[in-house]
Amino acid sequence: MTFTKSQLSLCQANNARSQRDLYDHFKPKVMGLCKRYTGSKEEAKDVYQEAFIRVFHHINEVHDLEHLEQWIKKIAVNTAINYYHKNKRHQHIEEQNGYYKTNDEYELILSHFSDEHIIGLINNLPDGYRMVFNLYEVEGYSHAEIGDLLQISEVTSRSQLNRAKQILKSKLKAFGILKYEKSA
């Protein structure tokens, strides 16, 4: 099922059925995004609900159907970051000496793991590491942007990403995955 321009117009006119269609249409992608940023399924549901409250509150700002999905994802990411700041901001781990090690190793290929298993590995990272990993590796934010969003330094962002990767590699090693390849 695709979401159409006429459905978007109906959503903007507060048509409940079209709003439900929009909610259901984007639920798999946005819920997956929320799960990556939160520590539990319950927290993910809370962030998801809050994100869609914001989506429907600001739906009239969308003028182009082609950008709707990206716009919704951005709202969900920002909602997750707000949730992080509100509930867990003091739990992230700061870099101790201001030094980070550049990690030029390749990205992981995890084709034989289920999505839920991968999300579980990422969700078990400390909160700050998880946030930085998702923002950088999944959403494509720069370290400068992550620093601004999370109110941490660029160096801390780089360090937390490096540490998140090291933790994930050690967890994968426990599963017998010893080689890491760059995806094409």
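Quantities reported herein were computed from a predicted structural model and do not represent experimental measurements.

### Side note on the overall build of the chain
Step number 1: Within the chain, the regular secondary structure consists of eight helices and zero strands.
Step number 2: Going residue by residue from the N terminus, the α and β elements of the chain occur as α-α-α-α-α-α-α-α.
Step number 3: Per-residue burial for the chain yields a buried fraction of 42% across its 184 residues.
Step number 4: Nonlocal contacts in the chain, meaning residues at least 24 apart in sequence, comprise 71% of its contacts between residues at least 6 apart.
Step number 5: Summed over its atoms, the accessible surface of the chain is roughly 10,800 Å², and 49% of this surface lies on carbon and sulfur atoms.

### Quick word on the pattern of salt bridges
Step number 1: Applying the stated criterion across every chain yields a total of eight salt bridges.
Step number 2: Of the charged contacts, one joins Lys29 and Glu69 as a salt bridge, the two residues approaching to 2.9 Å between their closest N and O atoms. Taken together, the positions of Lys29 in helix H2 (residues 16–37) and Glu69 in helix H4 (residues 68–88) put the pair 40 residues apart, joining distant regions of the chain.
Step number 3: The salt bridge involving Glu137 is made with Lys165; its shortest N-O contact spans 3.0 Å. In this pair, Glu137 is assigned in helix H6 (residues 127–138) and Lys165 in helix H8 (residues 154–174), connecting sequence segments 28 residues apart.
Step number 4: By relative accessible area, Glu137 is classed as partly exposed at 28%.

### Side note on the packing of H6 against helix H7 (residues 143–150)
Geometrically, a packed helix pair is captured by the angle between its two axes and the distance between the axes.
Step number 1: Direction vectors running N to C along H6 and H7 enclose 140 degrees, while the axes themselves pass 10 Å from each other. Our classification of the angle between H6 and H7 gives oblique. Crossing angle aside, the handedness with which H6 passes H7 is right-handed. Together, Met131, Val132, Leu135 and Tyr136 of H6 and His143, Ile146, Leu149 and Leu150 of H7 make up the contact between the two elements.

### Observations regarding the packing of aromatic side chains
Step number 1: Evaluation of the coordinates by the stated rule reveals five aromatic pairs.
Step number 2: Between Tyr23 and Tyr48, the ring centres sit 5.1 Å apart and the planes meet at 65 degrees, which makes this aromatic pair edge-to-face. Here Tyr23 is found in helix H2, whereas its partner Tyr48 is found in helix H3 (residues 41–57), with 25 residues between them in sequence. Considered together, Tyr23 and Tyr48 belong to a single accessibility category, that of buried residues.
Step number 3: Both rings, one in Tyr48 and one in Phe52, keep their centres 5.0 Å apart while their planes meet at 50 degrees; by these two values the pair is tilted. Here Phe52 and Tyr48 lie together in helix H3, a separation of four residues that amounts to about one turn.
Step number 4: Accessibility expressed as a relative area gives 0% for Tyr48, which makes it buried.
Step number 5: One aromatic cluster is present, built from ring pairs that chain together Tyr23, Tyr48, Phe52 and Phe56.

### A look at the environment of Leu121
Step number 1: Positionally, Leu121 belongs in helix H5 (residues 115–123).
Step number 2: Take Leu121: its relative accessible area is 9%, and that puts it in the buried class.
Step number 3: Along the primary structure Leu121 and Arg36 are separated by 85 residues, whereas in three dimensions their C-alpha atoms are 9.7 Å apart.

Cut-off values and rules
- Residues numbered from 1 in each chain as written.
- Predicted model: local features only at pLDDT ≥ 70, side-chain atom pairs only at ≥ 80, totals over all residues.
- Heavy atoms only, no water.
- Helix = DSSP H or I, 4+ residues; strand = E, 2+ residues; numbered from the N terminus.
- Buried < 20%, exposed > 50% of the residue type's maximum accessible area, 1.4 Å probe, protein only.
- Contact = heavy atoms within 4.5 Å.
- Areas by Shrake-Rupley, 256 points an atom, 1.4 Å probe, with all protein chains shown as cover.
- Salt bridge = Lys/Arg side-chain N within 4 Å of Asp/Glu carboxyl O.
- Axes fitted to C-alpha atoms, helices over the stretch in contact; angles between N-to-C directions.
- Parallel < 35°, antiparallel > 145°, perpendicular 65-115°, else oblique.
- Left-handed = near helix turned anticlockwise from the far one by under 90°.
- Phe/Tyr/Trp six-rings, centres within 6.5 Å; stacked < 30°, edge-to-face > 60°.

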